[in-house]
Amino acid sequence: MTGLPQRLFIGGRWVEPDGGHYPVIDPATEEKVGWAPEASRGQAEAACAAAREAFGAWSRTAPEERAVILARAAELIRERLGPYAELAQAETGATTPTARRMQVGVAAARFRRYARVEPAEWAIPPQINEAGVIGPASVLGALAVRQPVGVVACVTSYNNPWANAAGKVAPALAMGNTVVVKPAPQDPLSVYRMAEVLQAAGVPPGVVNVVSGRSVEVGEAVVASPDVDMVSFTGSTAVGQRIAEVCGRGMKRQLMELGGKGAALVFDDADLTAAVSGIGTTYSFYSGQICTAPTRVLAQRGVYERLVERLAAYARRLPVGDPREPGTVVGPVISAEHRERVEAYVALGRKEGAMVVAGGERPAHARGFYVAPTLLADCGNDLRVAREEIFGPVVVVIPFDEEDEGVALAHDSEYGLIDYVWSRDVARAFRVARRLRTGGVGVNTVGRNMEAPFGGFRRSGVGRDVGSYALHAYSEVQSIVWPG
């Protein structure tokens, strides 16, 4: 799949990188996918300056005009779904259905979603003021208006370069912002294809810019740029904290979607088939490299042994291998370094006293960064494998007795992105869901409603996006008051 080395996209031009190029590696084959550009600090700052220069004109375009461009981008992505999915698969190691539907397909859907124009202003009830020190009696009308924030730095994650970038860029552009995208260094080529699509769809020069690099200097330059008004970041909590410190110094708007350690409470009366299928997505979906995965299973005593047995059987029968093969369910993790990290956590779990009842060994593949679906049982919530985000196909199971204990265990975490509840007693399931201190709760499902707000409590993030909530996230609210 290698071709000409990729260039940066700055101010509507394709620019040779000052830092040369580095190889993008297919995690399934360890072969070279292509050459990604290494931007310099100066080029990162130039991208921000280009976005600042383009902001005035773009922010004044009619929402209908912006919607036409986003709709055209959605159609172009759909037309090129095949080659785009092949590239995404080569960069990320995703299985074919995941690359086609959940990566490129979701990206197209997100551009289409924000191609519809929604009201950006709303009336506020008039206020009657008595005569006083600030003037005579009056009636004041008011209007609340959503205004674009300005230049948005979109720092994206490696697990889904298409959908994650589209989820930031599409609503930001719809609201009249300009963007600088800093993709993850492992798989930036897909994001450059998105930039090509937007250029072809009619986005003016400077409205969308993409700069990449393995050096942290590139991301730091974008985040710290005085031309940037907002940072939208998806990634680890540790990196999010460093970005937040920089944003705090500049009083920049933030949208942070960070780590997770999703608790899945499985009660004695749960439908075990549904629970096992839902929890099992941790193994198959992006090979566990997803912050919403139900990786921390809290099982009530009456169902604990049966659940462990069925989860182990589920993990053992999942085909692990080449994501291009039709029967593959579990592909590789993103890199050799990340595989070593996941394996180190499994070894740590053994050392801490957890029982490895499935997986735990490296699959027998000559090439590729594969990790076997792994189940750790007999865990306490104090173990590091139960508290820290592993970001791989590893599930830990912790027993509990009563509802209050289960809820307390769920709360005993630094994270709070998405938790899950399985119970045939729907009233109890919703009662427990409302008690959980987390940004979202799946009741008897791991499915997502793509209009529901998405974001986390505690160390899982700041702010909400998705659906109309993303339009709020990428806008400021202005009040206009006048005498009635």
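Now for a look at the structure at hand.

Parameters at a glance
Residues numbered from 1 in each chain as written. Predicted model: local features only at pLDDT ≥ 70, side-chain atom pairs only at ≥ 80, totals over all residues. Heavy atoms only, no water. Pairing = 2+ DSSP bridges. Helix = DSSP H or I, 4+ residues; strand = E, 2+ residues; numbered from the N terminus. Axes fitted to C-alpha atoms, helices over the stretch in contact; angles between N-to-C directions. Parallel < 35°, antiparallel > 145°, perpendicular 65-115°, else oblique. Left-handed = near helix turned anticlockwise from the far one by under 90°. Contact = heavy atoms within 4.5 Å. Nonpolar A, V, L, I, M, F, W, Y, C, P; charged D, E, K, R; others polar. Buried < 20%, exposed > 50% of the residue type's maximum accessible area, 1.4 Å probe, protein only. 1 Å grid on protein atoms, 1.4 Å probe; cavity = no way out; pocket = protein on both sides within 12 Å on 5 of 7 lines; lining within 4 Å. Points joined across faces, edges and corners; volume = space filled by probe spheres on them. Core = buried A, V, L, I, M, F, W, Y, C linked by side-chain atoms within 4.5 Å. Patch = residues over 30% accessible without salt bridge, like charges linked within 9 Å, V, L, I, M, F, W, Y side chains within 5 Å. Areas by Shrake-Rupley, 256 points an atom, 1.4 Å probe, with all protein chains shown as cover. Salt bridge = Lys/Arg side-chain N within 4 Å of Asp/Glu carboxyl O.

1. Re the sheet that holds strand S18 (residues 440–443)
In space, the seven strands of this open sheet follow the order S14-S15-S16-S13-S12-S17-S18, with mixed pairing throughout. The open sheet terminates on both sides in strands that have one partner only, identified here as strand S14 (355–358) and S18. With direction set aside, neighbouring strand axes in the sheet form an average angle of 25°. The pairing of S14 with strand S15 (residues 374–377) spans three bridges and is classified as antiparallel. The partner of valine 356 across the bridge, within S15, is leucine 376.

2. Structural notes on the packing of helix H1 (residues 41–59) against helix H7 (residues 216–224)
In contact at an axis separation of 8 Å, H1 and H7 are set at 30° when each is read in the N-to-C sense. Taken together, the axis directions place H1 and H7 in an arrangement best described as roughly parallel. For the pair H1 and H7, the sense of crossing is right-handed. Contacts between H1 and H7 involve Arg41, Ala44, Glu45 and Cys48 from the former and Glu217, Val218, Glu220, Ala221 and Val222 from the latter. Taken together, the residues that form the contact of H1 with H7 break down as five nonpolar, no polar and four charged.

3. Quick word on the pairing of strand S13 (residues 296–300)
Buried residues dominate S13, accounting for five of its five residues. Because side chains alternate across S13, one face comprises the buried residues Arg296, Leu298 and Gln300, and the other comprises Val297 and Ala299, equally buried. As judged from the four bridges shared by strand S12 (residues 263–266) and S13, these two strands associate in the parallel manner. Within S13, the residue paired with leucine 265 across the bridge is leucine 298. Looking at chain direction, S13 and strand S16 (residues 394–400) are connected through five bridges and run parallel. Of the residues in S16, the one forming a bridge with valine 297 is valine 397.

4. Some details on empty space enclosed by the protein
Applying the stated criterion across every chain yields a total of five cavities of 30 Å³ or more. In this structure, the largest cavity encloses a volume near 100 Å³. Lining the largest cavity are 14 residues, and of these Thr92, Gly93, Ala94, Tyr286 and Gln289 sit closest to its centre. Counted as a void, the second largest cavity has a volume near 50 Å³. Lining of the second largest cavity is provided by Gly260, Lys261, Gly288, Ile290, Cys291, Ala293, Thr295, Glu389, Ile390 and Phe391. Here the lining of the second largest cavity is built from residues that sort into five nonpolar, three polar and two charged.

5. Points about the sheet that holds strand S5 (residues 121–129)
Strand order in the open sheet formed by three strands is S5-S6-S20, and the pairing between neighbours is antiparallel. Lying at the two open borders of the sheet, with one neighbouring strand each, are S5 and strand S20 (475–483). Averaged over all pairs of adjacent strands, the angle between strand axes in this sheet comes to 25°, irrespective of strand direction.

6. Observations regarding the nonpolar core
One finds Phe111, Leu173, Val179, Leu198 and Val231 to be the most contacted residues of the largest nonpolar core, which totals 79 residues. Discounting residues that sit within four places of it in the chain, leucine 173 has contacts with Trp58, Arg66, Leu70, Val179, Leu198, Val207 and Val208. The next biggest cluster of nonpolar side chains, apart from the first, holds 37 residues, and it includes Ala184, Ala299, Val395 and Val397.

7. What about a nonpolar patch on the surface?
Side chains of Trp122, Ile124 and Val477 sit close together on the surface and give an oily, nonpolar patch of about 250 Å² of accessible area. Mapped onto the fold, tryptophan 122 is located in strand S5. Tryptophan 122 sits in the partly exposed class, given a relative accessible area of 35%.

8. Looking at unusual backbone geometry
Not every positive phi belongs to a glycine, and tyrosine 286 is a case in point at roughly 60°. Following the sequence through the fold, tyrosine 286 ends up in the loop between helix H10 (281–284) and S13. On the basis of relative accessibility, which here comes to 9%, the residue tyrosine 286 falls in the buried class. Its identity is not glycine, yet aspartate 378 carries a phi of approximately 55°, on the positive side. Its place among the elements puts aspartate 378 in the loop between S15 and helix H13 (384–387). In this structure aspartate 378 comes out as partly exposed when scored by relative accessible area, which is 42%.

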